[in-house]
Amino acid sequence: MSNLTLDALKQLMRNCGVSEETDLDSDIRQVTFEELDYDSLALLQILAQIENRFGLRLSEDDLDKMRTPEELLNFVNGLLIGA
Amino acid sequence: MNATRTATERSDASRPAAGAAVVTGIGAVAPGGIGTEEVWAAALEGRMSIGPLERLPENDYPLRVAGEVREFQAKGRVPSRLSVETDRWTHLSLVAAEMALADAQADLDALPADEMAVVTASSSGGTEFGQREIERLWSAGPSHVGAYQSIAWFYAASTGQISIRHGMKGPCGVICTEEAGGLDALAQARRNLRDGARLVVTGGTDASLCPYGVVAQLSNGLLSTEADPERAYQPFSVNAGGYVPGEGGAMVVVEDEHGADERGAPRRYGEIAGYGATFDPPPGSSRPPTLRTAIEKALADAAITAGDVDVVFADALAIPEADRLEAEAIGAVFGERGVPVTAPKAGTGRLYAGGGALDVMLALLSIRDGVIPTTPGSAELAADCPIDLVRGGPRERPVRTALVLARGHGGFNSALVVRARR
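Residues numbered from 1 in each chain as written. Chains lettered and ligands numbered in written order. Predicted model: local features only at pLDDT ≥ 70, side-chain atom pairs only at ≥ 80, totals over all residues. Heavy atoms only, no water.

Caption draft 1: Spatial organisation of helix α3 (residues 69-82) of chain A. For α3(A), built from 14 residues, the straight-helix expectation of 20 Å at 1.5 Å per residue is met to within 8% by its first-to-last C-alpha distance of 20 Å. Next to the buried residues of α3(A) lie α1 (6-15) and α2 (40-54) of chain A. (Helix = DSSP H or I, 4+ residues; strand = E, 2+ residues; numbered from the N terminus. Expected span 1.5 Å × (residues − 1). Contact = heavy atoms within 4.5 Å.)

Dropping the structure here:
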């Protein structure tokens, strides 16, 4: 199974809308979701899409390990490799 | 004096007693236009803004026409992050509220957050959003239901999003009394001002023209099945055969007059001068319905008599029995053909929670411009509705005081008096 790319994640973020102050085409890898104006509900929405696409189950505790896009990609792709 | 005084201390110590509740800003998105002046122009023209129901992908329902705001799209008007979290009815609220605040020219940063309140009316909540998520539930499973369903469908969503967007942390609420809600919300806003709020964003919108919303509305048995937009909604006439639903509504900014003076608010459209609300006896009761009492309470609350009222904006359900009862109540208070009565909603459909708010806006603009908007439609008046219905064109005359009536399905009656402020 393929892994989750940054571009694919950006598309999932775009599905939740993009704040006027946020440029998703810039280097966002280490910018927190909060700073990008994606709150916890938006993150749940993004994670639900990832769960459905990759058949994963994530817990709410996992949210703390995914504060930035880079952390999210590392965490999710780590699970996919392990799976 | 310490800068961190509480709202209570401020209202007790350094503020005069609450003055009149004045409307300082108006915004509207309704069939006929986006923006106050567009909506007003359509009403004065008597434009028929009811048309074929196009918001349904397929229409197998016994409802052929509606008052749609076809040109309205959230894109470009509502920030995209906010737009995906909210239903169309909230988009309409957000845009109308923004217009009203711009019109009021209020510097929100200069006002204490806990003295700004939001009260909206909602009749259906986020049905279109909810239907989409419910479809995902049964077609794909629970994990496909979006997280935003939790905040988008429920009645208080518009109030909450307006509150968050504009940093209004005073008393906030939502009122669900179907078509009466728009008036009830404004009355609640006046209470908030009396309790120490300085500025309230209030009014109502609705947008329930999706299959789920339409089916829910059909259950009351009062919708018109007529396919000709010109003939579908003809209140008080011999052709009255049900009403047409619409979407949209209006939002206003209401302020304590002292506060409005203090900040130099540029406009006073009028004051919310009186309000009365009643609830009808159950169907089959021997007791009479109570719209008349609501009218009398509103006039008494405004400390005026029937002779002071220049125009009545009617509820105008277009069900013969309901029209007769409304004409009777108006006649009992004002005398037969004793006051001009108008129903601009015959051109937009009933907007539910948006309807009362829109009528209040039109009443305030009647005061501003000295003209009563017309009731679209040309059918003969029903013999048992002996009212002076304004039709065939607007009626120019000075308007100082207007009475707005609304009845919500299930027994709600509300009457609101707005009056010119000099």
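Caption draft 2: Molecular detail of the pairing of strand β15 (residues 401-408) of chain B. Residues and elements named next belong to chain B. Of all the eight residues making up β15, eight are buried; the element is thus mostly covered by neighbouring parts of the structure. Burial of the side chains of β15 extends over both faces: Thr401, Leu403, Leu405 and Arg407 are buried on one face and Ala402, Val404, Ala406 and Gly408 on the other. Bridge analysis of strand β10 (residues 311-313) against β15 gives three bridges, and the strand direction is parallel. Residue pairing in the sheet places Val311 in a bridge with Ala402 of β15. Looking at chain direction, β15 and strand β16 (residues 412-419) are connected through eight bridges and run antiparallel. When the bridges of β16 are listed, Ala402 appears paired with Val418. Connecting β15 to the next strand, β16, in antiparallel fashion are three residues, including Gly410 with a positive phi near 105 degrees. (Buried < 20%, exposed > 50% of the residue type's maximum accessible area, 1.4 Å probe, protein only. Pairing = 2+ DSSP bridges.)

Caption draft 3: The pairing of strand β8 (residues 248-256) of chain B, seen in detail. Residues and elements named next belong to chain B. Counting buried positions along β8 gives nine out of nine residues, so the element sits mostly inside the fold. Here β8 shows two buried faces, one formed by Gly248, Ala250, Val252, Val254 and Asp256 and the other by Gly249, Met251, Val253 and Glu255. Pairing analysis gives eight bridges linking strand β1 (residues 21-30) to β8, with the strands arranged antiparallel. For Val29, the partnering residue across the bridge sits in β8 and is Gly249.

Caption draft 4: Examining the packing of aromatic side chains more closely. Residues and elements named next belong to chain B. Taken as a whole and assessed by the stated rule, the structure comprises four aromatic pairs over all chains. Look at Trp153 and Tyr155: their rings are 6.2 Å apart centre to centre, the planes differ by 70 degrees, and that puts the pair in the edge-to-face class. Exposure remark for Tyr155: the relative accessible area of 32% places this residue in the partly exposed category. Taking 6.0 Å as the distance between ring centres and 75 degrees as the angle between the ring planes, the aromatic pair formed by Tyr243 and Tyr352 counts as edge-to-face. (Phe/Tyr/Trp six-rings, centres within 6.5 Å; stacked < 30°, edge-to-face > 60°.)

Caption draft 5: Quick peek at the confidence of the model for chain B. Across chain B, pLDDT averages 95, with 96% of residues at or above 70. Overall fold confidence for the complex sits at a pTM of 0.94, while the interface term, ipTM, reaches 0.90. (pLDDT = per-residue confidence, 0-100.)

Caption draft 6: How the structure looks around the nonpolar core. All names here are of chain B. Core analysis: the biggest nonpolar cluster contains 51 residues, and Ile295, Val312, Phe334 and Leu403 have the highest contact counts within it. Those elements that provide at least two residues to this core are β4 (65-66), α11 (291-301), α12 (320-334), β15 and β16. Element by element, the count of residues in this core is highest for α12, at six residues. Domain assignment of the residues forming this core places at least three in each of domain 1 (7-263) and domain 2 (273-419). Those residues in contact with Ile295 that lie beyond four places of it in its chain are Ala329, Val333, Phe334, Leu403, Leu405 and Ala415. (Core = buried A, V, L, I, M, F, W, Y, C linked by side-chain atoms within 4.5 Å. Domains from an automatic or database assignment.)

Caption draft 7: Representation of helix α4 (residues 88-104) of chain B within the structure. Residues and elements named next belong to chain B. The end-to-end C-alpha distance of α4, which contains 17 residues, comes to 24 Å, matching closely the 24 Å that a straight helix rising 1.5 Å per residue would cover. Burial analysis of α4 places 14 of its 17 residues in the buried class, the great majority of the element. Taking the backbone nitrogen of Trp89 as reference, a side-chain oxygen 2.8 Å away marks Asp87 as the first, capping residue of α4. Where α4 ends, the next residue or the one after it, Gln105, has phi of about 50 degrees, a positive value. (Polar contact = N/O pair within 3.5 Å; in protein donor to acceptor, adjacent residues only side chain to side chain.)

Caption draft 8: Quick look at the packing of α11(B) against α12(B). Residues and elements named next belong to chain B. Running from amino to carboxyl end, α11 crosses α12 at an angle of 40 degrees, the nearest separation of the two axes being 8 Å. Classified by the angle their axes make, α11 and α12 are oblique. Between α11 and α12 lies a crossing of right-handed hand. In this structure, α11 contributes Leu291, Arg292, Ile295, Glu296 and Leu299 to the contact, and α12 contributes Glu326, Ala329, Ala332, Val333 and Phe334. (Axes fitted to C-alpha atoms, helices over the stretch in contact; angles between N-to-C directions. Parallel < 35°, antiparallel > 145°, perpendicular 65-115°, else oblique. Left-handed = near helix turned anticlockwise from the far one by under 90°.)

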